[in-house]
Amino acid sequence: MLCLALWALRSLASQVSYREVARYVHGLENHRIVLAMLLTAASYGVMTLYDWFGLASIGRKLPRAQVTLISFISYAFSNALGMALLISGSIRYRFYIQAGLSTAEVAKVVLYCTASFWLGLFALTGVTLLLVPVPPTVPMASLRIPVAIVLTLIPVLWLAGSQVLRQPLRLWRWRVSWPSTPTAARQILTGAVDWGLAAWVLYLLMPNAVDTGFGHFMAIFVLAQIAGLVSHVPGGLGVFEAVMLAGFGATGNEGLEAPILGALAAYRLIYYFLPLCAATVVVLAREARGVAGKVPLAPWFTGLLPPFFAGLTLVSGAVLLFSGATSALPGRMEILRHVLPLPVLEFSHFLASMVGMLLLILARGLQRRLDAAYVLTLVLLLLGAVLSLLKGIDYEEATLLSLLALGLAPAHRLFYRRASLFSATFSVGWIIAILAVLGCAGWLVSFSYKHVEYSTNLWWEFSFYHGGAPRALRALVGAAAVGMLFALANLIRPARPDLHLPGEEELARALPLIKHYSSAQAHLALMGDKTLLFDAEARAFIMYDVEGRSWVAMGDPVGEDEDARRELVWTFREQCERAGGWPLFYQVRPQDLDLYLEVGMNLLKIGEEARVKLDGFNLDGKSKKVLRNTINKLTREGMRLQIVPAHEVGALIPRLKPISDAWMRDKGVREKGFSLGTFDPAYLARTPMALVWKGEELVAFANLFLTDSKEEASVDLMRHLPDGTSGVMDFMFIELMQWARAEGYVWFNLGMAPFSGLQNRRTAPLWSRLGALVFGRGERFYNFRGLHKYKDKFDPEWEPRYLAVPAGIALPLVLANIASLISGGLSGMVRR
């Protein structure tokens, strides 16, 4: 849509030069500009009524200044950037949640404001089109009357519905209450006044030669606004201008394209850009105070700040590129001619555009929280401010860049990653955004200097007064060269890493991290069937395997250093993206969810893990009667538990192998993997072993996961003789828990029960309902319910476990890949 709008503008303004547009803007009378600014303030003041009336409709009251500030910030950003429901809704959510509103109340306020916004626009457009004809070249001109009737009927029906529909409407799972008649009337009136003031601002700035009455102007204005809103181009940029130019160009006033474009440029500056700058300053000052004063911010909000700064950096880079594509003001160039050597001006202009391109690239690094991107962005923002003054005394640009640097400076702690800039992968969306900005800069060069005939000599012309076109060409090529060099550097970076299983050296390096980690499940790395990814200083690691496009990490990053663990999540995600894979984290714990939310991953609950608090564990009470009798009976029959240290396990392997084989034949299963241990002598020899003897006969065994911190103990591979005494596994678990409690361990981990705790309620998410269905009906593939019931008899505390996945992936395929890893292949997925 942006490309089409630029093409339409170029066609409609084919005879217009940039100097003509600039001449009209600078020739606007001061009183018209002042009056336009006052009307803009009045329009934004009316917009605050949306929030006031919205809060009143839900019975909430907040301080006047707070509501005014929230409304102004949300509309300043949404008007300039487009996607009003998403952007203004997000900003309102952020501030109203802090003010004490619930999520449902914020949603109601947002919907009230959005409905008022559109109802007012429809009412104003419908009535205007009914009363005023429009030029035939304006979109939908031939359908003026039908469109006017439809648009007018919408607010009329809204009012009628408030009279007729007294009971709430039921829409699927929601109940919607219709507003009262006074509330509906306020919505329509507020929206109409808002749009009327916005139109009045532009009407004041339009050239007198096209003044055929406010009604005729309003008809074209509202149609142009609807076209811009429907296009979803940020702020309707290009679309709004194209429709306005088509409408007024059809009035027979040839040669007025330049003044009309000049009026539209001034309107963009006054109505969109100045409020956006003011709102940006307010937000940056507010958040800078919060960060500098170490005001505790919610993790979800601190996760929003880096993308916010990244977006502003992207805008700043675009401003420098667009400035380099246009000529400086003659009066300012005259001042520079007397105080600055020509080579300094030429170099500043060229370097400013290169800085602009670098800011576009660094914005991605800020989004990925790279420390190097933070430092370079600060330096380049300040450098860009200086260059803006040197190349044309562009103090407006210098002020914008300086303010952003001022807001970014105290936020260093948000950019904690010490990774290389070249490690940041660029999504298709980011590449398109950068190319779009560069393409718009190229279009501006073409538009601004289309009166200059191209020749190869242009590249070598240097002048204060006639060097605008050569400077713009050189700056555009310099910016493009920076982008191409960065792209080339990314293309020649190392290819997809060669995955390899860890050897004894790597396992020995991982063992101290495993032993000091709080979760005993980290011992799964000792299986040796998963690749280990260490951070640069080997303070933490991730164990993972690859199945198809799924790169599945088992559990959370292992290690005590939080910075290293956080960095590993980013590194793993970027490594997957470079290889075209999907990064997944399987069985992650609640206390580490922020690691995955920060990198933009989604979380799906996949089950619950049973953990027994050992200091409160005993066999007393009626509920433990069966277990108590079983243990007493087996003890009298001579059953006992023995704990064998890891260095003695190797000699026991020949005696353990027959037990394992007999158990597998009896169960009709085959070895699993990834998250479940296998009978591998090398693996079993790396962990202590629990043995259950009945007299002199070995009847069961299990390898142990024991942490040095005594935080948790657990078991992995458990096997017993199928024809042995009933209750042998109960005996093993009870004895192990009592042994672990005596050794000072805090928790005993019984492992996860897949799909446990997922709700099959009508209002639950689809994933939760599907998981609950599998939990209840999936015995053909796995005894989910039976496993949960068995572990529950030990009175554990059930703790949720999650799967962290990136957005936009094929979830069924991902789940199949994980199941294949655990089951040892596709065939294992349909066999026990």
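Bear in mind that the values here come from a model prediction, so they are computed numbers and not experimental data.

Definitions and limits used
Residues numbered from 1 in each chain as written. Predicted model: local features only at pLDDT ≥ 70, side-chain atom pairs only at ≥ 80, totals over all residues. Heavy atoms only, no water. Helix = DSSP H or I, 4+ residues; strand = E, 2+ residues; numbered from the N terminus. Buried < 20%, exposed > 50% of the residue type's maximum accessible area, 1.4 Å probe, protein only. Areas by Shrake-Rupley, 256 points an atom, 1.4 Å probe, with all protein chains shown as cover. Axes fitted to C-alpha atoms, helices over the stretch in contact; angles between N-to-C directions. Parallel < 35°, antiparallel > 145°, perpendicular 65-115°, else oblique. Left-handed = near helix turned anticlockwise from the far one by under 90°. Contact = heavy atoms within 4.5 Å. Nonpolar A, V, L, I, M, F, W, Y, C, P; charged D, E, K, R; others polar. pLDDT = per-residue confidence, 0-100. Pairing = 2+ DSSP bridges. Polar contact = N/O pair within 3.5 Å; in protein donor to acceptor, adjacent residues only side chain to side chain. Arc of directions from axis to C-beta.

What follows concerns the overall build of the protein chain. Within the protein chain one finds 29 helices and 13 strands. Relative to its 832 residues, the protein chain shows a buried fraction of 52%. Per element, the accessible surface of the protein chain, about 37200 Å² overall, is 65% carbon and sulfur.

A few words now on unusual backbone geometry. Unusually for a residue other than glycine, Gln 587 sits at a positive phi of about 65°. Tracing the backbone shows Gln 587 in strand S6 (residues 582–588). Of note in the backbone geometry, Asp 795 takes a positive phi value of approximately 55° without being a glycine.

Contact geometry for helix H13 (residues 305–324) and helix H15 (residues 342–367): axes closest at 8 Å, N-to-C directions at 160°. The angle between the axes of H13 and H15 places the two elements in the roughly antiparallel class. By crossing handedness, the relation of H13 to H15 is classed as left-handed. Side by side, H13 and H15 meet where Pro 306, Phe 309, Ala 310, Thr 313, Leu 314, Ser 316, Gly 317, Ala 318, Leu 320, Leu 321, Ser 323 and Gly 324 of the first sit next to His 349, Ala 352, Ser 353, Val 355, Gly 356, Met 357, Leu 359, Leu 360, Ala 363, Leu 366 and Gln 367 of the second. Taken together, the residues of the contact of H13 with H15 sort by class into 14 nonpolar, 9 polar and no charged.

Once that is clear, we can look at the confidence of the model for the protein chain. Per-residue pLDDT for the protein chain has a mean of 82; in total, 86% of the residues score no lower than 70. Throughout residues 826–832 the model reports pLDDT below 50, and contacts reaching past four residues in sequence, or to other chains, amount to 21 contacts.

Burial analysis of S6 places 7 of its 7 residues in the buried class, the great majority of the element. Across 5 bridges, the pairing between strand S5 (residues 550–554) and S6 is parallel. Across the sheet, Trp 551 pairs through a bridge with Pro 583, a residue of S6. Where S6 lies against strand S13 (residues 797–806), 3 bridges are found, and the strand directions are antiparallel. Across the sheet, residue Tyr 586 finds its bridge partner in S13, namely Leu 803.

Structurally, Arg 801 can be placed in strand S13. Polar contacts involving the side chain of Arg 801 include one to the side chain of Glu 799, which spans 2.7 Å. Arg 801 has contacts with Gln 587, Val 588, Arg 589, Pro 590, Leu 604, Lys 605, Ile 606, Gly 607, Glu 608, Glu 609, Arg 611 and Met 752, leaving out every residue within four places of it along the chain.

So, on to the environment of Thr 280. Here Thr 280 shows up in helix H11 (residues 257–292). Judged by relative accessible area, Thr 280 falls into the buried class, the value being 10%. Between the alpha carbons of Thr 280 and Leu 404 there is a distance of 8.5 Å; along the sequence they are 124 residues apart. When sequence neighbours within four positions are dropped, the list of residues in contact with Thr 280 reads Phe 77 and Leu 312.

The subject of this paragraph is helix H14 (residues 330–339). Residues Arg 332, Met 333 and Leu 336 constitute the buried set of H14. The arc that holds the buried residues of H14, viewed along the axis, is 100°, so those residues lie on one side. In this structure, H14 carries Pro 330, Gly 331 and His 338 as exposed residues pointing more than 90 degrees from its buried face. Buried residues belonging to H14 abut H15, helix H16 (371–392), helix H17 (395–408) and helix H19 (468–491).

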